[in-house]
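The lines below spell out each chain.
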Amino acid sequence: MAWICGAKQLIDAASLGGGRNGAEAACSGRRRSRAVLLHLYWLLSLPEKPPAIDWVYYKAAVAKAGMVDEFEKKTKSAAEYVQASKSRIVQHEKQLEKFRTMIPFDQMTFEELNEVFPETKLDKEKYPYWPIEDLQICLKAVSGDCQSL
């Protein structure tokens, strides 16, 4: 089945006050099933934010003790997780923008790489011995050239 009329057109037409008839008019003459139109209209009729949960009512109405408390804790932890996820998304978007605006790796010099990624800069004060120096010391010891040590 060809879906010619886009969902965005339906939502725009229905939200501009046309409701179901506006959505149908936006897609008149196009192949779109009535069930899809009704489903989109139903989605548009939902409130933007769900109503707040009355935990006191459910604590009184539910017979099993602790069940409502458990659901309340899970709901709060889910809300905290969503907030933490949003902050991580903002951090990742900043990092993605940094990658989009930087010079390509194959065109970078070592100085530019160290500016963009400071963690790649060699720190000889923190790490005074480097593997290449250790290797040279080992080779001199094996060859018997101990005077230079």
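What counts, and where the lines are drawn
- Residues numbered from 1 in each chain as written.
- Predicted model: local features only at pLDDT ≥ 70, side-chain atom pairs only at ≥ 80, totals over all residues.
- Heavy atoms only, no water.
- Helix = DSSP H or I, 4+ residues; strand = E, 2+ residues; numbered from the N terminus.
- Contact = heavy atoms within 4.5 Å.
- Areas by Shrake-Rupley, 256 points an atom, 1.4 Å probe, with all protein chains shown as cover.
- Salt bridge = Lys/Arg side-chain N within 4 Å of Asp/Glu carboxyl O.
- Buried < 20%, exposed > 50% of the residue type's maximum accessible area, 1.4 Å probe, protein only.
- Expected span 1.5 Å × (residues − 1).
- Phe/Tyr/Trp six-rings, centres within 6.5 Å; stacked < 30°, edge-to-face > 60°.
- Patch = residues over 30% accessible without salt bridge, like charges linked within 9 Å, V, L, I, M, F, W, Y side chains within 5 Å.
- Polar contact = N/O pair within 3.5 Å; in protein donor to acceptor, adjacent residues only side chain to side chain.
- pLDDT = per-residue confidence, 0-100.

A. Quick look at the overall build of the protein. Looking only at helices and strands, the protein features 6 helices and 0 strands. Its helices and strands taken in sequence order, the protein reads α-α-α-α-α-α from the N to the C terminus. Across the protein, the fraction of contacts at a sequence separation of at least 24, relative to all contacts at a separation of at least 6, is 27%. For the protein, the exposed surface amounts to about 12600 Å²; the carbon and sulfur share of it is 60%.

B. Fine view of the pattern of salt bridges. For the coordinates displayed, the defined rule picks out 4 salt bridges. Ionic pairing is found between Lys59 and Glu72, a salt bridge with its closest N-O pair at 3.5 Å. One end of the pair, Lys59, is in helix α3 (residues 55–61); the other, Glu72, is in helix α4 (residues 67–101), and 13 residues separate them in sequence. With a relative accessible area of 15%, Glu72 lands in the buried category. Taking the shortest distance from any N to any O, the salt bridge between Glu70 and Lys74 comes out at 3.2 Å. Here the residue Glu70 and the residue Lys74 both occupy positions in helix α4, the gap between them amounting to 4 residues, near one helical turn. Each of the salt bridges in this network shares a partner with another, and the network as a whole consists of Lys59, Asp69, Glu72 and Lys76.

C. How the structure looks around α4. Between its first and last C-alpha, α4 extends 51 Å over 35 residues, near the 51 Å set by a 1.5 Å rise per residue. Among all positions in α4, only Val68, Glu72 and Ser85 are buried. Contact partners of the buried residues in α4: α3.

D. Molecular detail of the packing of aromatic side chains. Applying the stated criterion to the full structure yields 3 aromatic pairs. When the ring of Tyr57 is compared with that of Tyr58, the centres are 5.2 Å apart and the planes differ by 70 degrees; the resulting orientation is edge-to-face. On the basis of relative accessible area, Tyr58 is assigned to the partly exposed category, the value being 39%. On the basis of an interplanar angle of 15 degrees and a centroid distance of 5.9 Å, the ring pair of Phe105 and Phe117 is categorised as stacked. Separated by 12 residues along the polypeptide, Phe105 in the loop between α4 and α5 (110–116) and Phe117 in the loop between α5 and α6 (131–143) bring together distant segments of the chain.

E. Highlighting the environment of Ile103. By the secondary structure assignment, Ile103 is in the loop between α4 and α5. Setting aside its immediate chain neighbours within four residues, Ile103 contacts Met108 and Glu112.

F. Seen up close, a nonpolar patch on the surface. A surface patch of nonpolar side chains, about 300 Å² in accessible area, is lined by Trp42, Leu43 and Leu46. Relative to the elements of secondary structure, Leu43 occurs in helix α2 (residues 34–45).

G. Layout of the environment of Ser85. Among the secondary structure elements, Ser85 is positioned in helix α4. The class for Ser85 is buried, based on a relative accessible area of 16%. Side-chain polar atoms of Ser85 contact the side chain of Arg88, separated by 3.0 Å.

H. Layout of the confidence of the model for the protein. Residues with a pLDDT of 70 or more make up 64% of the protein, whose mean pLDDT is 77. When pLDDT is averaged over each element of the protein, α4 comes out on top at 94 and helix α1 (residues 7–26) at the bottom at 56.

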